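Chain and residue survey
Here is how the chains run, residue by residue.
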Amino acid sequence: MNGLTMWMEKYLVPIAGKIGSEKHLVALRDAFIGTMPATMAGSVALMINAIIRNLPEQFNKNYDYTQIPVINEIVGINGYIWNGTIAIAGLIFAFSWGYNLAKAYKVNELAGGIVSLSALIQGIAFSATGIVNVPQGDLGKKAIDALTTAGSVVSTVSETDPVTGEILKFDSVQNAAWGWLNLNHLNGNAFFTAMILGALAVIIFAKLMQKNITIKLPDTVPPAVSKAFAAIIPATVALYVIGIINYFFFRFTDMLLIDAVQKYIAEPLMGFSQGFVAVVIITLFVQILWFFGLHGPNILAPILEGVFGQGQLINQAIYQTGYAGKTGSAAVIEAAKDGKAFLWVRGSFDAYSWFGGSGGTLTLILAILIFSKRADYLTIGKLTLGPGIFNINEPIMFGLPIVLNAIMFIPFLLAPIVSVSIGYFATILGWVNPVTQAVTWVTPPLLLSFLATVDWRAPIVTLVCMIVTFFIWTPFVIAANKIDPSLGENE
């Protein structure tokens, strides 16, 4: 055990430390954190709707919230909150990403956020394209007037029947409406494109700012005006570079870059994240990093938030808007079959594995309070129970400590892997609804899993995970009784 610990301290910890302090990854982590005021507000609105609109349907198939005036109004108001938060999560992230990346380069943060946002917006779809031919006469005058008002072009086209040679006439409806932004380019689907284009644009912007390729105004000009003018040339160059990339990519592929990124990068990566091996590997690395005193979820935030977090946002959007004629969790499950939604997302770790914090340390605290005979352990257990209930585990991590505590190494790795496996297969097998709501991480465990899934079965699965991990921790807590706390030797 000591040999393994020394090897990891020598080779793994320095690498993890460098990753954790790399400025681009720190900026990316802070960018996700920066979106929380909006995304959590949207999540609260969506969660309230889930409880008052969707949850009663599980018990009463005839429930209709639209017939209950107060409930109907609350659902409508929450819909507006969702429109300005989860529905445009990609836009919010793009600004936060640019702001934090510019901050990392020590240049104008506000301009960096605007450059990143502009880089994303310029490449999204501004209209829905498509042509539909309807047999002439089937399209009524009112329909033609309505389509024309909406910006579509309705014309007559002819076609020759390949069998009879008869000339057939059709009303051709071509959607030419411009200015209708595609929400699928503004929500969680935009994350990967925002990361790529935002990074390129802001780095170009920052490098030009650092080289003072700017417009310089006299010192008498107000600072706010000077900063804005100084950013003009770097921002223009950066956005022209992105514009050229977008233009030629579409010209040669007939495909928007954001669609290509989603299809060839995001979807395969998101698909890989749904595999059991990927979930276990992420869980394992979080625990290893924490064992050496490094904040695992923070260091792995680009994966946890950028991949699993994106999946959660997509689930939230589908939960709200529906899919294939279904609503709520049923819509998410149906969309997951087509690869459009995800069964395991960021909140799944919190619901089924990280009760008390990374490692499921709440059950360790309970095991200590029941089985430990060591005065130091019992004191720490009593002090950390309160924070543990709210998933704050730094007191037990550094107070017991678990960090670099060889006797706790095995259960600290094993317990969350077992609990995440139980939660994973319960979700995959359909025993419990997938996580569709973002719940603040300080919510007590059983309540958290219920709110995250809007499913009464989820707390039962969480309780099973807690019981199993309790029995994993217990033998090691009992073994610690035999170690003298001052000498570290067997009594």
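An unreviewed UniProt entry annotates the protein as PTS sugar transporter subunit IIC originating from Candidatus Enterococcus ikei. Within the UniProt record for the protein, the comment given under Subcellular location (unreviewed entry) is "Cell membrane".

What about the pattern of salt bridges?
A complete count under the given rule lists seven salt bridges for this structure. Between Arg-346 and Glu-305 there is a salt bridge; the shortest N-O distance is 3.1 Å. Residue Arg-346 is found in helix α16 (residues 346–352), and its partner Glu-305 is found in helix α14 (residues 301–321); the two are separated by 41 residues along the sequence. Residue Arg-346 pairs with Asp-350 through a salt bridge whose shortest N-O separation is 3.1 Å.

Thoughts on the environment of Gly-356
Note on placement: Gly-356 falls in the loop between α16 and α17 (361–371). The sequence separation of Gly-356 and Glu-394 amounts to 38 residues, and the corresponding C-alpha distance is 9.8 Å. Contact partners of Gly-356, with chain neighbours within four places excluded, come to Thr-361, Leu-362, Gly-388, Asn-391, Ile-392, Asn-393 and Pro-445.

Some remarks on helix α8 (residues 191–210)
The end-to-end C-alpha distance of α8 is 27 Å, a good match for the 28 Å that 20 residues give at a rise of 1.5 Å each. For α8, the tally of buried residues reaches 14 of 20 residues, placing the bulk of the element in the interior. Once α8 ends, the next one or two residues include Asn-212, with phi positive near 60°.

Points about a nonpolar patch on the surface
A contiguous nonpolar surface patch, about 420 Å² in accessible area, is contributed by Ile-213, Val-225, Phe-229, Ile-232, Ile-233 and Val-237. At the level of secondary structure, the elements contributing two or more residues to the nonpolar patch comprise α9 (223–230) and α10 (232–253). Broken down by element, the residue count for the nonpolar patch peaks at three residues, all from α10. Tracing the sequence through the fold places Ile-213 in the loop between α8 and α9. The partly exposed category is assigned to Ile-213, whose relative accessible area is 38%.

Conventions we followed
The residue numbers shown here count from 1 along each chain, following its written sequence. With pLDDT at 70 or above as the cut-off, local features in this predicted model cover only qualifying residues; side-chain atom pairs require 80 or more to be listed or tallied, and sums for whole chains, interfaces and linings still use all residues. With hydrogens and water set aside, each side-chain value is computed from the structure's full complement of heavy atoms. UniProt positions are given in the numbering used here, feature names are shortened, and annotations may be inferred rather than shown by experiment. In the sections that follow, a salt bridge refers to a side-chain nitrogen of Lys or Arg positioned within 4 Å of a carboxyl oxygen of Asp or Glu. Comment: elements are numbered from the N terminus, with helices defined as DSSP H or I runs of at least four residues and strands as E runs of at least two. In this analysis, two residues are considered to be in contact whenever any of their non-hydrogen atoms come within 4.5 Å of each other. One fewer than the residue count of a helix, multiplied by 1.5 Å, yields its expected span. Only protein chains enter the area calculation, which uses a 1.4 Å probe; residues under 20% of their type maximum are buried, those over 50% are exposed, and those in between are partly exposed. Like charges within 9 Å and nonpolar side chains (Val, Leu, Ile, Met, Phe, Trp, Tyr) within 5 Å are joined into patches, using only residues over 30% in relative accessible area that form no salt bridge. Surface accessibility in these figures is a Shrake-Rupley result with a 1.4 Å probe; residues are shielded only by whichever protein chains are displayed.

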